[in-house]
Amino acid sequence: MRSRSPASASGIRPPVTLGAVTIAPLSYAPAPESVRPTLRSEYGLFIGGRFVEPKSGASFKTINPATEEALATVADAGEADMARAVDAARKAQPKWAKTKPAERAKILFRIARRIQERSRELAVLESMNGGKPIKESRDEDLPLVAQHFFHHAGWCDKLDYAFAGAKPQPVGVCGQIIPWNFPLLMAAWKLAPALACGNSCVLKPAETTPLTALMLGEILQECGLPDGVVNIVTGGPDAGRALTALAAKGKVDKVAFTGSTEVGKAIAKTLAGSGVKLTLELGGKSPNIVFADAALDQAVEGVVSGIWFNQGHVCCAGSRLFVEEAIHEDFIDRLRNRMRTLRVGDPLDKNTDVGAINSKAQLTTIERYLKAGSDEGAERFEVACDLPKKGFWCRPCIFTGVQPSHTIAREEIFGPVLSVMTFRTPEEAVQRANNTTYGLSAGVWTEKASRALEMSNRLNAGVVWLNTFNRFDASAPFGGYKESGFGREGGRQGLSAYVKLGGGR
Ligand code: NAD
């Protein structure tokens, strides 16, 4: 049962006074996760099927953003390390490409099963290293990670049927750079299709969240993936630059990047004219549009999931809410009431809805946007709750009275901050929603099917969710338009980035 009074970080809620009577409200007892992952104190680079010392001699500590405590020391790869990983991938690729498709499928299937078997441990580690609530990493991230390997295991021996009239060939060595918001899921999105198509990979995880990718390295070893087919090279932006530079010199055949639009543009510039295949999954400022005829409580849940899932660290977050003017007041009241029930705090508590911000740097960015929102005249409402003393935290909040020209209506915040605007007609909703440099996702809430279909046709977004939000499936292509990038991940469309089709395709 949910209490309507604000949650505190300790799980203790303040008493409610009704007339002369003071009632101690029902509250949640802490429900701490008991599993703890087996971690090494130091990790080398996963190259050629084993963990090796970095030639750079450099390392960094990776922390838990909810406690600021160090979890492990991780290698910080230099240029020579990246070159070594690319060489290992180059050496391993021809044999992997010639491995019988059914054998490749067996190994991918085994990886999927092992991920399922170790899913609790992986989920806990994802929450410890990234700050997201355990119920999300356990119930959303990990099932999807396994699903991506299962799905692509199924493609291995059916590739000839995926592209009519073409005989798909692997691209070769793939350089894959991923962000920190869904560390293991982004690794799965990149590795599974590449491996299914007979490619080898060099994966560079984000600097704040390297641990689940390294644990995946152990799983790949256990599952008998041939040495060098996947190499996991930890480090910061310099390591990413080293990988892209090797691609520009022709040492890598395909680059897949997920991250910020700014870095995506820099990578596109580096690779322009090189002939290297490139896919970019970048940022977003996605609209969530609520019509007056929508099932409003259901829409409130969709808005909550749209912006507060993973603390708003979601590329396709519904960070711009457009509410039909006639229901604005009623809808915002319902939303505020729902916000009051959100539990902010320990990511490893099974009742937590909103966990820690991924890093101090990201918290500083979010705080800059909060200030800009207030300075430019929007009105802020935030969840009233105590925050833990250590770690990086931001209360979920909404800004009403936002104008399309406001900074918080235009720029990606990547935090738990919702900008609310209104519209009067479907035409105005489309115009306002499309008035952005991005085009990753959109949500439409209406009971009228014809309106839903028309809106989905007219919204410039890679994914349009109708009466739901944040739904993903390995068989459904995901990707953006405009400054949200190009290329798709998932489904048959996602495979095309990892094959050469011949005949100019
Ligand atoms: P980021 O661009 O700063 O970093 C992403 C990765 O690129 C990291 O591994 C980083 O080390 C590396 N990197 C940084 N500078 C580099 C450079 N110059 N050359 C090569 N590599 C470099 O992004 P972030 O802050 O980690 O992630 C947040 C961003 O990712 C948001 O904009 C979000 O919208 C986007 N994102 C998009 C999707 C999608 O599918 N479209 C999914 C998740 C996240």
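Because the structure is a prediction, the values reported are computed rather than measured. (Residues numbered from 1 in each chain as written. Predicted model: local features only at pLDDT ≥ 70, side-chain atom pairs only at ≥ 80, totals over all residues. Heavy atoms only, no water.)

K.L.:
Hey, could you run me through the pairing of strand S20 (residues 463–466) in this one?
P.N.:
Taken residue by residue, a regular strand's side chains alternate between the two faces of the sheet. The side-chain alternation of S20 yields one buried face, formed by Val 463 and Trp 465, and one unburied face, formed by Val 464 and Leu 466. As paired elements, strand S19 (residues 441–445) and S20 share four bridges and run parallel to each other. Bridged to Ala 442 within S20 is Val 464. Assessed by its sense of winding, the connection that carries the chain from S19 through helix H15 (residues 449–458) to S20 is right-handed. (Buried < 20%, exposed > 50% of the residue type's maximum accessible area, 1.4 Å probe, protein only. Helix = DSSP H or I, 4+ residues; strand = E, 2+ residues; numbered from the N terminus. Pairing = 2+ DSSP bridges. Right-handed = clockwise from strand over helix to strand, strands pointing away.)

K.L.:
What should I look at first to understand the sheet that holds strand S6 (residues 59–63) in this one?
P.N.:
Sheet strands associate in pairs through backbone hydrogen bonding, adopting either a parallel or an antiparallel arrangement. Strand order in the open sheet formed by three strands is S3-S7-S6, and the pairing between neighbours is mixed. Two strands lie at the open edges of the sheet, namely strand S3 (42–43) and S6, each paired on one side alone. With five bridges joining them, S6 and strand S7 (residues 70–75) adopt antiparallel strand pairing. When the sheet's bridge partners are listed, Ser 59 is paired in S7 with Ala 75.

K.L.:
Mind showing me how you'd approach the site of the ligand here?
P.N.:
Near the ligand, the surroundings consist of 28 residues, among which Ile 178, Glu 207, Ser 260, Leu 282 and Glu 412 are the closest. Within the contact set of the ligand, a nitrogen atom lies 3.4 Å away from a side-chain nitrogen or oxygen of Arg 241. Within the side chain of Ser 260, a nitrogen or oxygen atom sits 2.6 Å from an oxygen atom of the ligand. Where the shell around the ligand is concerned, the elements lending two or more residues are helix H8 (237–248), strand S12 (254–258) and helix H9 (261–271). Among the elements that line the shell around the ligand, the one with the most residues is H8, at four residues. (Near = heavy atom within 4 Å. Polar contact = N/O pair within 3.5 Å; in protein donor to acceptor, adjacent residues only side chain to side chain.)

K.L.:
Sorry, what's going on with the packing of helix H2 (residues 101–117) against helix H4 (residues 134–155) here?
P.N.:
H4 packs onto H2 with a crossing angle of 165° between their chain directions and a minimal axis gap of 8 Å. In this view, H2 runs roughly antiparallel relative to H4, as classed from their interaxial angle. Regarding H2 and H4, the two cross each other, and that crossing is left-handed. Facing H2, whose interface residues are Ala 105, Leu 108, Phe 109, Ile 111, Ala 112, Arg 113, Ile 115 and Gln 116, H4 presents Leu 142, Val 145, Ala 146, Phe 149, Phe 150, His 152 and Ala 153. Residue composition of the contact of H2 with H4, by class: twelve nonpolar, two polar and one charged. (Axes fitted to C-alpha atoms, helices over the stretch in contact; angles between N-to-C directions. Parallel < 35°, antiparallel > 145°, perpendicular 65-115°, else oblique. Left-handed = near helix turned anticlockwise from the far one by under 90°. Contact = heavy atoms within 4.5 Å. Nonpolar A, V, L, I, M, F, W, Y, C, P; charged D, E, K, R; others polar.)

K.L.:
Please explain helix H14 (residues 426–434) as it appears in this structure.
P.N.:
Three or four residues apart is the spacing at which side chains of an α-helix point the same way, because the helix has 3.6 residues per turn. When we look at burial in H14, the residues that qualify are Ala 429, Val 430, Ala 433 and Asn 434. In an axial view of H14, the angular spread of the buried residues amounts to 115°, which keeps them on one side of the axis. (Arc of directions from axis to C-beta.)

K.L.:
What exactly am I supposed to notice about the packing of aromatic side chains here?
P.N.:
The geometry of an aromatic ring pair comes down to the distance between the two centres and the angle between the two planes. Under the definition given, this model contains eleven aromatic pairs. Seen in terms of ring centroids, Tyr 43 and Phe 51 are 6.1 Å apart; in terms of plane orientation they differ by 65°. Their pairing is edge-to-face. Accessibility classification places Tyr 43 together with Phe 51 in one group, the buried group. Residues Trp 465 and Phe 469 carry aromatic rings whose centres are separated by 4.8 Å and whose planes lie at 50° to one another, so their mutual orientation is tilted. By the burial criterion, Trp 465 is buried, and Phe 469 matches it. One cation-aromatic arrangement involves Arg 40 over Phe 51; the distance from NZ or CZ to the ring centre is 4.4 Å. (Phe/Tyr/Trp six-rings, centres within 6.5 Å; stacked < 30°, edge-to-face > 60°. Lys NZ or Arg CZ within 6 Å of the ring centre and 35° of its normal.)

K.L.:
Hey, could you run me through the pattern of salt bridges in this one?
P.N.:
Using the criterion set out here, one finds 29 salt bridges in the structure. One salt bridge connects Lys 190 with Glu 489, and the closest N-O pair in it is separated by 2.6 Å. Taken together, the residues span a long stretch of sequence, with Lys 190 in helix H6 (residues 183–196) and Glu 489 in the loop between strand S21 (485–486) and helix H16 (491–495) at a distance of 299 residues. An identical accessibility class is assigned to Lys 190 and Glu 489; each is buried. Taking the shortest distance from any N to any O, the salt bridge between Arg 241 and Asp 238 comes out at 2.5 Å. Taken together, the residues Arg 241 and Asp 238, both in helix H8 and three residues apart, mark about one turn of the helix. Among the residues examined, Arg 241 registers a relative accessible area of 53% and is labelled exposed. Assessed through its relative accessible area of 56%, Asp 238 is described here as exposed. Residues joined in a network through salt bridges with shared partners are Arg 40, Arg 114, Glu 117, Arg 118, Glu 121, Glu 218 and Glu 222. (Salt bridge = Lys/Arg side-chain N within 4 Å of Asp/Glu carboxyl O.)

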